[in-house]
Each structure stands twice: as C-alpha cells, then as structure tokens.
Amino acid sequence: MATVIYPSPIFGPIHSRRLGISLGINLLPSDGKFCTFDCIYCECGYNKDHRPTRKLPTREEVREALESRLKKMQEEGVIPNVLTFAGNGEPTAHPHFPEIIEDTLELRNKYFPDAKVSVLSNSTFIHKPEVFAALNKVDNKDGKCDAAYITLLKNLAKMGYTSVEAANYNNGKFYDRTPDQFKKDVESAGLKVLSSHCTRGLSKEELASGDFSSSLQWWDQCIADHKAAGMSYIVAPWMDVPKTLKELDTYCAYYNEIGKRCKQQGMSFGYHNHAHEFQKVEDKVMYDYMIEHTNPEYVFFQMDVYWVVRGQNSPVDYFNKYPGRFKMFHIKDHREIGQSGMVGFDAIFKNAKTAGVKHLVAEIESYSMPVEKSVEVSLDYLLDAPFVKSSYAK
C-alpha cells in the first residue's frame, strides 16, 4: 500500500463515501507522521519511517488557512458536508486542540452552518479534561482503537493491572466496539471491565426549565449499553461551572435521577472531579454543594486526588468531612505516580477506609517515558508502597 502524507493544515475538500464532501484539517506537520499509535493499516505508514522535521501548525495558522479555504469554497459554491480533523496522525496531540476546535466551530457557523465537524481520533488523550470537553462540542467523534490494543491489554494484565476504566462511549460503542465485543476483548486479555467515563451535559433550555427528560432518554440507552459491556460503574467526568446555584441544583437532581436508573440496572453512578469544582458558585463551594445535594444511595464520588491537591485542598479533609462518599479513587500524579512528591499518597491511603473507597484507578496525567513503561512504573510504585493494600473491594 502506498504511503500518503497529507498537506497541513488544510487539505481537500475530498469526496468521501462515508462523509460526503469533506474538508480536511490536519493539525500535524506536513512532512511526516506524528501519532501515538503505529497501526499496520495506516495509510501514513509507520512513525519511524516518516519522522517529521517541520513544526506543528500554530493555532493562528490553522484558523487563517481554514477561513481562507472556507471563503473560497463559498465563492465557488462548493458546500462541505463535514469539516474533518484527520491527516498525518493523532489530532488531539496538538497542544492547542481545544482552542482550534472553538475556532473551527466559529468559522463553520459563519460560512457553512449546516456542515458537521468530525474528529477522527485514536482516543489516546481523551482522559485529559480539556480534550474530552472539546470532543463533546463537535458533531461526530470517531474514536477508534487499533486491533493491537488487545495485546496492550494483555501486557497490562501481565504488569499486574486487574481491570479497566473506559473513556470512549460514543454512539452505542466503546472504542468502536459493540458492548459485547468490548467486554469480550477485555476479558480475553485477563482483565475485568470495571467502569466508564461518559456523560451528557444539560442544554441551556434544560437548565432554565429544570426539565431534563430528553437527556434521560439518552441515558436509558447509555445505561443499557454499559450493562451489556459488563460495567459496574458509570462516572460523569466533567461538568462546567454553573452560573447559579439554581443550575447547580438542577444538575444535582439530574445526577440523582441518573444514579437511580443505574441502581435499577445493578450499577452505580458517580462524579469525577477536576480542580474547577473547588470554585464557588454564588457563596457555595461547588464540590461541597454537589456532595451535600446528591443522594448517597444514587451518587458516589470518584475522587481524583491529584486535582484535589491542584485545587488547593486536602483529600483527607474531604474524607473526614464526607465519610463514605468516595467509592473510587483516581490515583494520579503530575507525571508517573509517586514521582513528583506533590501528592501525599501515604496519608490518602491511610485514610481510605474513612473515604469509603472500594476501587483504585491509576491515571497517568503525563508521560516522562514511553507510555507502556510509564504505566508499569506507576503500578510498581503502588504495588511496592507499604501503605497501599492489595485490595479495597471487601
């Protein structure tokens, strides 16, 4: 198969059997491949064979080139069906991906408001809140995982990991696999399906009216798909800071209802924090208000200990203030777990019983070494730490 290296930052439009008239947006260098995967079927070839020498296009360069091409298409009467982020690798690897998404949506609305915005991604960086939030703003999120990911899952099991938390539910699938396929893939690697990060934010109309029945219909299907995939937990990983306590209260009621529906299907529903939840909404700390106004029977909290510290707070103080509400921990550090010294893991784990934790999820915020080595070093730290128990499930 011939290797294809795409122009940057804009190419096309091209006629796609699947997408229609598609204008390509390539956030990677124009002279090589820049990707976190090396899929055997990739038309751009292998990373090692096509190392780029040029820099990534800047946000300004992308915006200028995109607007110029859209103007020309408008003048020529060429109407795109979709603006597609694709090209020479993984688009979400660009450090200004979220801002470029905002620019693209603005220009789409200006020139071709009926066109869709799509992102073809391998989902590597979906755990980053800014990437996750940006992807939730586009029309189509095509998150695929290479078939070699089963080998990666097997390697994780050999390292000592026991289960997985997904973060790519989209159109009824997980990483482009049906729920049954995803469950089979994970279990064939010797791991268990534990949990999933996914959510559906409320619209301005829903927040204003307090009627979120439409979103709950989406959740009914979502919950059914997660049950089919073998999930025990569904975790909402993000919520923008509401403008008022009334809006925040609506979200609490919304989460209570989602949690009730999860419980009816034998699952639990929770919320994962970042640092922004420690801001105040009117005169109340957002995170505290959420804990106090959600029903413990229906909503637990997956504490990301790193973001609590980054938010200038103490995880242990929250354990003592709200004992039993933190059924899951996201164990994370500035890079590999235990390497920065900024998170007091010994105190956190010594107070885990007060928190009510049942499961630990390791999340690597950034890598200072190859990815597989990074997750192995992080796990080794936890396995070797004398204050970390082998299991918290009982």
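Residues numbered from 1 in each chain as written. Predicted model: local features only at pLDDT ≥ 70, side-chain atom pairs only at ≥ 80, totals over all residues. Heavy atoms only, no water.

Caption draft 1: Representation of the sheet that holds strand S6 (residues 163–166) in the model. The seven strands are arranged S6-S9-S10-S11-S14-S15-S16 in an open sheet whose pairing can be described as parallel. A single partner strand is all that each edge strand has here, and the edge strands are S6 and strand S16 (359–362). Averaged over all pairs of adjacent strands, the angle between their axes in this sheet comes to 25°, without regard to strand direction. Bridge count for strand S14 (residues 299–304) against strand S15 (residues 328–331) is three bridges, and the pairing is parallel. Bridging from a neighbouring strand, Gln-302 pairs with Met-328 of S15. (Pairing = 2+ DSSP bridges. Helix = DSSP H or I, 4+ residues; strand = E, 2+ residues; numbered from the N terminus. Axes fitted to C-alpha atoms, helices over the stretch in contact; angles between N-to-C directions.)

Caption draft 2: Structural view of the packing of aromatic side chains. Overall, the coordinates contain 26 aromatic pairs when judged by the stated rule. Plain terms: the ring middles of Tyr-254 and Tyr-255 are 5.9 Å apart, the flat faces sit at 25° to each other, and that makes the pair stacked. Take Tyr-254: its relative accessible area is 0%, and that puts it in the buried class. Pairing Tyr-318 with Tyr-322 gives two aromatic rings, centres 6.1 Å apart and planes at 25°, and the pair type is stacked. What makes Tyr-318 buried here is its relative accessible area of 7%. (Phe/Tyr/Trp six-rings, centres within 6.5 Å; stacked < 30°, edge-to-face > 60°. Buried < 20%, exposed > 50% of the residue type's maximum accessible area, 1.4 Å probe, protein only.)

Caption draft 3: Up close: the pairing of strand S4 (residues 116–121). Bridge analysis of strand S3 (residues 82–85) against S4 gives four bridges, and the strand direction is parallel. Counterpart to Phe-85 in the pairing with S4 is Val-119. For the segment spanning S3, helix H2 (residues 97–111) and S4, crossover handedness is right-handed. (Right-handed = clockwise from strand over helix to strand, strands pointing away.)

Caption draft 4: Summary view of the environment of Glu-64. Here Glu-64 shows up in helix H1 (residues 59–76). Among the residues examined, Glu-64 registers a relative accessible area of 61% and is labelled exposed.

Caption draft 5: Fine view of the packing of helix H7 (residues 213–228) against helix H8 (residues 245–264). With their axes 10 Å apart at the nearest point, H7 and H8 run at an angle of 30° to one another. Between H7 and H8, the crossing angle belongs to the class labelled roughly parallel. Judged by the twist between their axes, the crossing of H7 over H8 is right-handed. Between H7 and H8, the residues in contact are Ser-215, Leu-216, Trp-219, Asp-220 and Ile-223 and Tyr-254, Glu-257, Ile-258, Arg-261 and Cys-262, respectively. Taken together, the residues of the contact of H7 with H8 sort by class into six nonpolar, one polar and three charged. (Parallel < 35°, antiparallel > 145°, perpendicular 65-115°, else oblique. Left-handed = near helix turned anticlockwise from the far one by under 90°. Contact = heavy atoms within 4.5 Å. Nonpolar A, V, L, I, M, F, W, Y, C, P; charged D, E, K, R; others polar.)

Caption draft 6: Layout of the nonpolar core. Membership of the largest hydrophobic core comes to 103 residues, with the highest contact counts inside it found for Phe-182, Tyr-255, Phe-326 and Phe-329. At eight residues, H8 tops the list of elements feeding residues into this core. Listed in part, the six residues of the second largest apolar core include Leu-194, Tyr-233, Val-235 and Met-328. (Core = buried A, V, L, I, M, F, W, Y, C linked by side-chain atoms within 4.5 Å.)

Caption draft 7: Molecular detail of the pattern of salt bridges. With the rule as written, the count across this model stands at 15 salt bridges. Two residues, Arg-108 and Asp-139, come together in a salt bridge whose shortest N-O distance is 3.1 Å. Of this pair, Arg-108 sits in helix H2 while Asp-139 sits in the loop between helix H3 (129–135) and strand S5 (140–143), placing them 31 residues apart in sequence. Judged by relative accessible area, which is 10%, Arg-108 ranks as buried. What makes Asp-139 partly exposed here is its relative accessible area of 34%. With a closest N to O distance of 2.8 Å, Glu-297 and Lys-263 form a salt bridge. (Salt bridge = Lys/Arg side-chain N within 4 Å of Asp/Glu carboxyl O.)

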